[in-house]
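Structure at a glance
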Amino acid sequence: MQYDQKKAQAWLKGVSAALPNFAEIIHAAKSNLLVIGAGVFDLYASQGWTPSLRRKTGDLDLSVGLLTGADNYESLKKALLSFKYAVSDARMPYRFYSPNKIPGGLTYIDLLAHPVGQGISDEFAKKVMGVGSHFSLKGFQFADMESFNIEDKLTFPNPLAMVGLKRAAYLDDPERIKDLADIAELGWGIVERGTHFEMQALWEKIKGHPDAAEVRKVLVELACDSVVWDLNSARQELLKRTFSGSDIDELIPSRLREWASYLL
């Protein structure tokens, strides 16, 4: 896969225009930050790896890799508060709303955390964020593997790792149909652009991780409508994204199978 860092930095400039002082905020980072969520699909599209995601989002998901402790998270939290970002719902203390609301644009940042350093557990990361035990951090270790640098300390996951994150989120909460639809749309888009032809080197680097086999399994099973991975469950969501019935029944499954066929 050909990666153009300048295109990713142009994406960052666009985000900074929608979320005031975002560039300054991330410079407060003391450890690596991982962009997750729909923002990653925008980065893929900017690279030409996929078409643009057919759903819109008002948030940017950013996860702090906890390398040495809680201070890695607190430094970003303090930076957000210093630029007048605010938490408006005590049930979601990780959600920081922008001081400027741009209609149709990004309006808040979900500041999450995941363990990176030795001895830092999922439970500790959840405590740092202020969330309960139900909050899942599965897939984050895999997401850090072979990620792409936007700039110093700011990265985003490769497409296979993104499937891993979406897989974990959906298994944790099957009501999150958008995650199932995101996997389907990603598979459709990767093959639409022919990016799957360029992923062999990436696959060789990550295929030894247990999550890699699960990612390939998801693509295969979603293509054939298994009990857990039933594409029809996401039919209404995909129709909202302007996919046709034949796309859902034939084209998307075909492309998921094709992507999986190159992951051997």
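All of the points below concern the structure found in this document. Fair warning: this is a prediction, and the values are worked out from it, not measured in the lab.

Here's the deal with the overall build of the protein chain
Helix and strand content of the protein chain: 12 helices and 6 strands. At 18 Å, the protein chain has a C-alpha radius of gyration in line with the 18 Å of a compact globule built from 264 residues. Judged by the C-alpha coordinates and their principal axes, the protein chain covers about 50 × 45 × 35 Å. Long-range pairs, those at least 24 residues apart, make up 73% of the contacts in the protein chain with a sequence separation of at least 6. Carbon and sulfur atoms provide 50% of the accessible area of the protein chain, an area that totals close to 12,100 Å². Looking at charge distribution, the protein chain has the averaged site of its 31 positive side-chain charges lying 4 Å from that of its 34 negative ones.

A word on helix α7 (residues 159–172)
Taking 1.5 Å of rise per residue, the 14 residues of α7 would be expected to cover 20 Å, and the 20 Å separating its terminal C-alpha atoms lies within 8% of that figure. Along α7, 11 of the 14 residues are buried, which leaves the element largely enclosed by surrounding structure. Along α7, the positions that sit buried rather than exposed are Pro159, Leu160, Ala161, Met162, Val163, Gly164, Leu165, Lys166, Arg167, Ala168 and Tyr170. Its side-chain oxygen at 3.0 Å from the backbone nitrogen of Leu160, Asn158 defines the N-terminal cap of α7.

Observations regarding the nonpolar core
With 86 residues, the main nonpolar core has Val35, Tyr73 and Trp259 as its most contacted residues. Ignoring anything within four residues of it in the chain, the contact list for Tyr73 reads Val64, Leu66, Tyr94, Phe96, Leu111, Leu112, Ala113, Val128 and Met129.

Side note on the packing of aromatic side chains
All told, the structure shown has 14 aromatic pairs when counted by the stated rule. Taken together, a centroid distance of 5.3 Å and an interplanar angle of 85 degrees make the contact between Phe197 and Tyr262 edge-to-face. Of this pair, Phe197 sits in the loop between α8 (177–192) and α9 (200–206) while Tyr262 sits in the segment after α12 (245–261), placing them 65 residues apart in sequence. One aromatic cluster is present, built from ring pairs that chain together Tyr3, Phe41, Tyr44, Trp49, Phe148 and Phe156. The side chain of Arg54 reaches across the aromatic face of Phe243, ending 4.0 Å from its centre.

Here we look at the packing of α7 against α8
Direction vectors running N to C along α7 and α8 enclose 160 degrees, while the axes themselves pass 8 Å from each other. Here α8 runs roughly antiparallel to α7, going by the angle between their axes. In this structure, α7 crosses over α8, and the sense of that crossing is left-handed. Note on element contacts: α8 touches α7 through Ile177, Asp179, Leu180, Asp182, Ile183, Leu186 and Ile190, opposite Pro159, Met162, Val163, Lys166, Arg167, Ala169 and Tyr170. When grouped by side-chain class, the residues that make up the contact of α7 with α8 number 10 nonpolar, no polar and 4 charged.

A word on the sheet that holds strand β6 (residues 154–156)
Read across the sheet, 6 strands follow the order β3-β4-β2-β1-β6-β5 without closing on themselves; strand pairing throughout is mixed. Every interior strand has two partners, whereas the edge strands, β3 (95–97) and β5 (148–151), have only one. Going from strand to strand, the sheet's axes swing by 30 degrees on average, the running direction of each strand aside. The strands touched by helix α1 (residues 5–18) are β1 (33–36), β2 (59–66), β5 and β6; relative to β5, the strand with the most contacts, the crossing angle is about 55 degrees.

Overview of the pattern of salt bridges
Evaluation of the coordinates by the stated rule reveals 16 salt bridges. Between Arg167 and Glu214 there is a salt bridge; the shortest N-O distance is 3.3 Å. Taken as a pair, Arg167 in helix α7 and Glu214 in helix α10 (residues 210–223) lie far apart in primary sequence, 47 residues in all. Between Arg235 and Asp249 there is a salt bridge, with its nearest N and O atoms 2.3 Å apart. Taken as a pair, Arg235 in helix α11 (residues 235–240) and Asp249 in helix α12 lie far apart in primary sequence, 14 residues in all. What makes Asp249 partly exposed here is its relative accessible area of 48%. Linked through salt bridges whose partners overlap, the residues forming this network are Arg55, Lys166, Arg176, Asp179, Asp182, Glu185, Glu237 and Arg241.

Some remarks on the packing of helix α3 (residues 38–47) against α7
Interaxial distance between α3 and α7 falls to 11 Å at its minimum, and their mutual angle equals 160 degrees. Of the possible angle classes, the one that applies to α3 and α7 is roughly antiparallel. In the crossing of α3 with α7, the sense of the turn from one axis to the other is left-handed. In contact with Val40, Phe41 and Tyr44 of α3, α7 contributes Pro159, Met162 and Lys166. Grouping the constituent residues of the contact of α3 with α7 by class yields 5 nonpolar, no polar and 1 charged.

What counts, and where the lines are drawn
- Residues numbered from 1 in each chain as written.
- Predicted model: local features only at pLDDT ≥ 70, side-chain atom pairs only at ≥ 80, totals over all residues.
- Heavy atoms only, no water.
- Helix = DSSP H or I, 4+ residues; strand = E, 2+ residues; numbered from the N terminus.
- Rg over C-alpha atoms; globule rule 2.2 N^0.38 Å.
- Contact = heavy atoms within 4.5 Å.
- Areas by Shrake-Rupley, 256 points an atom, 1.4 Å probe, with all protein chains shown as cover.
- Lys, Arg positive; Asp, Glu negative; His and termini not counted.
- Charge placed at Lys NZ, Arg CZ, Asp CG, Glu CD.
- Expected span 1.5 Å × (residues − 1).
- Buried < 20%, exposed > 50% of the residue type's maximum accessible area, 1.4 Å probe, protein only.
- Polar contact = N/O pair within 3.5 Å; in protein donor to acceptor, adjacent residues only side chain to side chain.
- Core = buried A, V, L, I, M, F, W, Y, C linked by side-chain atoms within 4.5 Å.
- Phe/Tyr/Trp six-rings, centres within 6.5 Å; stacked < 30°, edge-to-face > 60°.
- Lys NZ or Arg CZ within 6 Å of the ring centre and 35° of its normal.
- Axes fitted to C-alpha atoms, helices over the stretch in contact; angles between N-to-C directions.
- Parallel < 35°, antiparallel > 145°, perpendicular 65-115°, else oblique.
- Left-handed = near helix turned anticlockwise from the far one by under 90°.
- Nonpolar A, V, L, I, M, F, W, Y, C, P; charged D, E, K, R; others polar.
- Pairing = 2+ DSSP bridges.
- Salt bridge = Lys/Arg side-chain N within 4 Å of Asp/Glu carboxyl O.

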